[in-house]
Amino acid sequence: MTSGLWELVLKGVWVTIQLLVLSALLATVVSFVVGIARTHRLKFVRFLAGFYTEVFRGTSALVMIFWVFFVLPPAFGWQLVPLWAGTLALGLTYGAYGSEIVRGALAAVDPAQREGGIALSFTPWQRMRLVLLPQAVPEMIPPFSNLLVELLKGTALVSIMGMGDLAFSGNLVRLALQESAEIYTYILLIYFVIAFALTRMMRGLEKRLKAGVGKAPKKETAVVRVPEGSGVS
């Protein structure tokens, strides 16, 4: 490829990373807000959070992008740029999946910890902030890591809006060169490199968070067994 075409691909990588970061931030906020609401003592709050989760988990992310970009703006009399439309659609969709991760991790905390917070006269918010979340968050990291990789792959859907992400730029280069195998191989490798970097980053974050709550994995020590009668003491 020429330098101009490589520049087009690199611009697509940058757009994909921007979209990934913005939608991941939105999805994280949605995950914790909705996930915590799923554990609320009020039934109405739990119902609203559950309804949101079921709606966004039960609809196609591709159709949601269409709806946010083409249907939502005319209803309010304004137009979203593709980057923000993609961020909104992906963040809300993947946030629904993330809320189940948060809810499950909170439910897995030992009930004795909750009882201890009550015994210390903590308010519900204090129990959540000081007792439950510090223990639940490290357990959320592995599934959140998988969800983040899925979100990365989901960013390719925004190419339907003509947004110059990696998938869209790669397709333009393919049309220019009339070469599919080479271009799409490069695109696959780029996605793999980004995903690999994300998983390594999340793994490091998991180790640090678990160390903070005394759950750091212990290093294995090798045990050498000496055969009996060998004369070695």
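For the structure itself, consult the block above.
In this text, all values refer to a predicted model and were calculated from it rather than measured experimentally.

Calculation notes
Residues numbered from 1 in each chain as written. Predicted model: local features only at pLDDT ≥ 70, side-chain atom pairs only at ≥ 80, totals over all residues. Heavy atoms only, no water. Axes fitted to C-alpha atoms, helices over the stretch in contact; angles between N-to-C directions. Helix = DSSP H or I, 4+ residues; strand = E, 2+ residues; numbered from the N terminus. Parallel < 35°, antiparallel > 145°, perpendicular 65-115°, else oblique. Left-handed = near helix turned anticlockwise from the far one by under 90°. Contact = heavy atoms within 4.5 Å. Nonpolar A, V, L, I, M, F, W, Y, C, P; charged D, E, K, R; others polar. Expected span 1.5 Å × (residues − 1). Buried < 20%, exposed > 50% of the residue type's maximum accessible area, 1.4 Å probe, protein only. Arc of directions from axis to C-beta. Phe/Tyr/Trp six-rings, centres within 6.5 Å; stacked < 30°, edge-to-face > 60°.

## A word on the packing of helix H3 (residues 61-76) against helix H4 (residues 82-107)
Axis separation between H3 and H4 bottoms out at 9 Å; the angle between their running directions is 135°. Between H3 and H4, the angle falls in the class oblique. Two packed elements cross with a definite hand, and for H3 against H4 that hand is right-handed. In contact with Ala 61, Met 64, Ile 65, Val 68, Phe 69 and Leu 72 of H3, H4 contributes Pro 82, Ala 85, Leu 88, Ala 89, Leu 90 and Thr 93. Across the contact of H3 with H4, the residue classes break down as 11 nonpolar, one polar and no charged.

## As for helix H2 (residues 43-57)
Its 15 residues place the ends of H2 21 Å apart at the C-alpha level, agreeing with the 21 Å of an ideal helix rising 1.5 Å per residue. Listed in full, the buried residues belonging to H2 are Ala 49, Gly 50, Tyr 52, Thr 53 and Phe 56. All buried residues of H2 lie within an arc of 155° about the axis, which places them on one face of the element. Opposite the buried face of H2, by more than 90 degrees, sit the exposed residues Lys 43, Phe 44, Phe 47 and Phe 51. Residues of H2 that are buried in the fold lie against helix H1 (3-37), H3 and H4.

## A few points about the packing of aromatic side chains
With the rule as written, the count across this model stands at seven aromatic pairs. With 4.6 Å between their ring centres and 40° between their planes, Tyr 52 and Phe 56 make a pair best called tilted. Pair noted here: Tyr 52 and Phe 56 are both in helix H2, with a separation of four residues, about one helical turn. Taken as a pair, Tyr 52 and Phe 56 share a single burial class, namely buried. Through a chain of ring-to-ring contacts, three or more aromatic side chains come together here, namely Phe 66, Phe 69 and Phe 70.

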